[in-house]
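Chain and residue survey
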Amino acid sequence: MEKILSVVIPVYNERSTILRIIEKVCALDFVKEVIVVDDGSTDGTRELLKAGMGDGRIRVFFHDKNRGKGAALRTGFAQATGEVVAVQDADLEYDPREFTEMIKPIAEGAADVVYGSRLTGGKPQRAHLFWHRVGNGFLTFVTDLLYNTTLSDMETCYKMFRKEVLETIRIDSDSFSVEPELTAKICKNKRWRIYELPISYYGRSYAEGKKISWRHGLAALWTLLKYRFSD
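Reading the values: the criteria
Residues numbered from 1 in each chain as written. Predicted model: local features only at pLDDT ≥ 70, side-chain atom pairs only at ≥ 80, totals over all residues. Heavy atoms only, no water. Buried < 20%, exposed > 50% of the residue type's maximum accessible area, 1.4 Å probe, protein only. Helix = DSSP H or I, 4+ residues; strand = E, 2+ residues; numbered from the N terminus. Pairing = 2+ DSSP bridges. Axes fitted to C-alpha atoms, helices over the stretch in contact; angles between N-to-C directions. Contact = heavy atoms within 4.5 Å. Phe/Tyr/Trp six-rings, centres within 6.5 Å; stacked < 30°, edge-to-face > 60°.

This part takes up the pairing of strand β1 (residues 5–11). For β1, the buried fraction is high: seven of the seven residues fall into the buried class. Of the two faces of β1, the one holding Leu 5, Val 7, Ile 9 and Val 11 and the one holding Ser 6, Val 8 and Pro 10 are both buried throughout. Examined bridge by bridge, β1 and strand β2 (residues 31–39) share seven bridges and lie parallel to one another. Directly across from Ser 6, in β2, lies its bridge partner Glu 33. Of the pairings in the sheet, the one linking β1 to strand β4 (residues 84–87) comprises four bridges and is parallel in character. Pairing of Val 7 across the sheet is with Ala 86, part of β4.

A few words now on the sheet that holds strand β6 (residues 159–162). Taken together, seven strands build an open sheet; the order of strands is β3-β2-β1-β4-β6-β5-β7 and the sheet is mixed. With one partner strand each, in any of the chains shown, β3 (58–63) and β7 (194–198) form the two edges of the open sheet. Within this sheet the neighbouring strands show an average axis-to-axis angle of 20°, counted without direction. Along the sheet, helix α1 (residues 18–26) contacts β1, β2 and β3; its crossing angle with β1, the most-contacted strand, is approximately 170°. Against the sheet, helix α3 (residues 69–79) touches β1, β2, β3, β4 and β6, its axis set at about 145° to β2.

Once that is clear, we can look at the packing of aromatic side chains. Counted under the stated rule, the structure contains four aromatic pairs. Seen in terms of ring centroids, Phe 77 and Phe 161 are 6.1 Å apart; in terms of plane orientation they differ by 75°. Their pairing is edge-to-face. Taken as a pair, Phe 77 in helix α3 and Phe 161 in strand β6 lie far apart in primary sequence, 84 residues in all. The same class applies to Phe 77 and to Phe 161, which are both buried. A ring pair is formed by Tyr 94 and Tyr 158, whose centres lie 4.9 Å apart and whose planes are at 35°; its orientation type is tilted. With Tyr 94 in the loop between β4 and α4 (99–102) and Tyr 158 in the loop between α6 (130–147) and β6, this pair connects stretches of sequence that are 64 residues apart. With a relative accessible area of 4%, Tyr 94 lands in the buried category.

Printed below as a string of structure tokens:
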């Protein structure tokens, strides 16, 4: 396969994992570029990234302060030049090798957007955080109800798009609300063909560095409702 994929990695305080995840992404031969956006890290991540990378496909951008995942994705998406764009978190919860299957429906012309679902089975899943599972299921149900779709995992990090899809979307959210915002705007535009594929998920606990909380769930619910009834 040609090098057609731009991978955007928003990172905030992931010193222990950022270099390993970049290495894993760069191991994929169809990756055209890796766009890392450091969102004001204070734990030494910035210094690691400033030290330079050995692969010319890696481009690094820095925010002067922490602005949120949405702001980091907005910066990264604006720099992407590949025909296809994917999001990769900077921890090790998601395995970049899953991109090999996710990109196929897009490369073959069947899909415009592909979501990697942690909840459809068939791949390794860490069994923990019951209430996160309940919350995600509820938010996905609300998404399907409001936007007449059949997604199983709206909050997944693994979202892959044709570049032209992203060019039609203006991201307003600076925070984790970018996930429901992207989903809402994609689903509202009925021209885009959305597919899901099962992916593995090696989730972290809060002790291991997980950042998302129940407050983000409330913000996600508001975001889904807001974009259903507005532009």
